[in-house]
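Okay, here's what each chain looks like letter by letter:
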Amino acid sequence: MRVKLKAGPEPRKFIERIEELSGENVYACYQCGRCSAGCPMAAEMDYLPNQIIRLVQMGLEDEVLRSKTLFMCASCFTCQSRCPKGIDLARVMEAVRYVLDPKGRDAFGPNEISPELAQELPQQVLVAICRKFSK
Ligand code: SF4
Ligand code: SF4
């Protein structure tokens with residue numbers, strides 16, 4: 001089934017806001033797909049990382065904000081290390097999460113990590129949590 005995607009009311013504003021918050025030039029992406037090919041969370045995502053950045057380029061705000069990919073990203077930076085343009089997709093995801101909810105919803109914040117838990121959790125989990133609450 002073909003789904004017709006519609007741009008948000010002010011696509012240009014949305015794109016500029018994402019660029020401002022993330023510090024990334026989303027138009028530098030030329031859809032090579034290397035980010036998605038190496039993403040360890042790709043199987044859990046509804047849109048692959050390269051698709052998220054494409055949706056942002058097109059100003060498809062609603063579609064991006066609805067995507068569960070935003071919360072599946074583990075901020076592992078694999079995509080950035082593979083990207084020929086050096087785009088930090090984790091920052092783009094963070095920017096979109098901020099647009100989605102500028103006040104934040106701390107279901108689980110960094111302050112709730114006990115020293116015991118911090119010893120048990122892989123460092124990457126801690127980085128991912130902190131990145132998601134860095135607003
Ligand atoms: S690796 Fe970089 S240029 Fe290639 S699709 Fe991903 S973000 Fe775009
Ligand atoms: S930072 Fe996020 S999008 Fe990039 S490879 Fe890691 S999990 Fe995937």
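Here's what I pulled together on the structure shown here.

The rules we used
Residues numbered from 1 in each chain as written. Chains lettered and ligands numbered in written order. Predicted model: local features only at pLDDT ≥ 70, side-chain atom pairs only at ≥ 80, totals over all residues. Heavy atoms only, no water. Helix = DSSP H or I, 4+ residues; strand = E, 2+ residues; numbered from the N terminus. Buried < 20%, exposed > 50% of the residue type's maximum accessible area, 1.4 Å probe, protein only. Contact = heavy atoms within 4.5 Å. Salt bridge = Lys/Arg side-chain N within 4 Å of Asp/Glu carboxyl O. Near = heavy atom within 4 Å. Nonpolar A, V, L, I, M, F, W, Y, C, P; charged D, E, K, R; others polar. Axes fitted to C-alpha atoms, helices over the stretch in contact; angles between N-to-C directions. Parallel < 35°, antiparallel > 145°, perpendicular 65-115°, else oblique. Left-handed = near helix turned anticlockwise from the far one by under 90°. Core = buried A, V, L, I, M, F, W, Y, C linked by side-chain atoms within 4.5 Å.

Quick word on the overall build of the protein
Piece 1. In terms of helices and strands, the protein carries nine helices and zero strands.
Piece 2. Its helices and strands taken in sequence order, the protein reads α-α-α-α-α-α-α-α-α from the N to the C terminus.
Piece 3. Buried residues in the protein amount to 41% of all 135 residues.
Piece 4. Within the protein, contacts between residues separated by at least 24 positions form 66% of all contacts whose residues are at least 6 apart in sequence.

What about the pattern of salt bridges?
Piece 1. By the definition in use, this model includes six salt bridges.
Piece 2. Salt-bridge contacts for E16 lead to R12; the nearest nitrogen and oxygen are separated by 3.1 Å. Pair noted here: E16 and R12 are both in helix α1 (residues 11-22), with a separation of four residues, about one helical turn.
Piece 3. Overall, E16 belongs to the partly exposed group, its relative accessible area being 40%.
Piece 4. E24 is the partner of R91 in a salt bridge, and the nearest nitrogen-oxygen pair spans 4.0 Å. On the criterion of sequence distance, the pair formed by R91 in helix α7 (residues 89-100) and E24 in the loop between α1 and α2 (34-38) is long-range, its members being 67 residues apart.
Piece 5. Taking the relative accessible area as the measure of exposure, R91 reaches 37% and is therefore partly exposed.

Section: the site of ligand 1
Piece 1. Taken together, C29, Y30, Q31, C32, G33, R34, C35, N50, C83, P84 and I87 make up the full set of residues near ligand 1.
Piece 2. By residue class, the composition of the shell around ligand 1 is seven nonpolar, three polar and one charged.

So, the site of ligand 2
Piece 1. The environment of ligand 2 is formed by 13 residues, the closest being C39, C73, A74, C76 and C79.
Piece 2. Among the secondary structure elements, those contributing two or more residues to the shell around ligand 2 are α6 (78-82) and α7.
Piece 3. The residue makeup of the shell around ligand 2, split by class, is eleven nonpolar, two polar and no charged.

So, the environment of L70
Piece 1. Locating L70 in the fold gives a position in helix α5 (residues 69-72).
Piece 2. Taking relative accessible area as the criterion, L70 reaches 0% and is therefore assigned buried.

Structural notes on the packing of α1 against α7
Piece 1. Closest axis-to-axis distance for the α1/α7 pair is 8 Å, and the angle between their directions is 120°. Considered as vectors, α1 and α7 are oriented oblique to each other. The way α1 lies across α7 gives a crossing that is right-handed. Where α1 approaches α7, its residues F14, R17, I18, L21 and S22 are matched on the opposing element by R91, V92, A95, V96, Y98 and V99.
Piece 2. Residue classes in the contact of α1 with α7 are distributed as eight nonpolar, one polar and two charged.

Observations concerning the nonpolar core
Piece 1. Ranked by size, the top nonpolar core spans 29 residues in total, and within it I18, V56 and V96 carry the most contacts.
Piece 2. If you list the elements that add at least two residues to this core, you get α1, α3 (49-57), α4 (61-66) and α7.
Piece 3. Here this core gets six residues from one element, more than from any other, and that element is α7.
Piece 4. Residue contacts for V56: discarding those within four places in its chain leaves F14, I15, I18, V26, V64 and V96.

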